[in-house]
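Each chain, written out:
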Amino acid sequence: KTTYDDEVDEEATKKAREDDPEAAEVTKSVTNVKFDYEVVNSMKPLWLRPPKEVNETEHSEFYKSAFRAFDDPLRTIHF
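Residues numbered from 1 in each chain as written. Predicted model: local features only at pLDDT ≥ 70, side-chain atom pairs only at ≥ 80, totals over all residues. Heavy atoms only, no water.

Caption draft 1: Looking closely at the packing of aromatic side chains. Across all of its chains, the model carries two aromatic pairs by this definition. When the centroid spacing of 5.8 Å and the interplanar angle of 55 degrees are considered together, the rings of Trp47 and Phe62 count as tilted. Remark: Phe62 occurs in helix H2 (residues 56–67) and Trp47 occurs in the loop between strand S2 (27–33) and H2; sequence separation between them is 15 residues. On the basis of relative accessible area, Trp47 is assigned to the exposed category, the value being 59%. Their ring planes at 45 degrees and their centres at 5.6 Å tell us that Tyr63 and Phe67 sit as a pair that is tilted. Residue Tyr63 and its partner Phe67 are located together in helix H2, separated by four residues, close to a single helical turn. Judged by its relative accessible area of 26%, Tyr63 is partly exposed. (Phe/Tyr/Trp six-rings, centres within 6.5 Å; stacked < 30°, edge-to-face > 60°. Helix = DSSP H or I, 4+ residues; strand = E, 2+ residues; numbered from the N terminus. Buried < 20%, exposed > 50% of the residue type's maximum accessible area, 1.4 Å probe, protein only.)

Structure follows, in structure tokens:
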């Protein structure tokens, strides 16, 4: 997200007041960039979870998405 703020430019104001002591303050536009990150996937990966927490359906879905397969895996090993 980018925002723009107006701040007093000290140098430009000083130069303007050398010529005219009653000159108004000179401002400059300052760019502020802020990065907001959004957590897209909050689940722990399948391979980092204990084998007792992962069921057969999750193994099957992982296999199908990782290897672009349409059939179920013949065998699963999780250690």
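Caption draft 2: Inspection of the side chain of Ser60 at higher detail. Structurally, the position occupied by Ser60 is in helix H2. Its relative accessible area of 12% is what places Ser60 among the buried residues. Beyond its immediate stretch of four places on either side in the chain, Ser60 contacts Asp72 and Pro73. (Contact = heavy atoms within 4.5 Å.)

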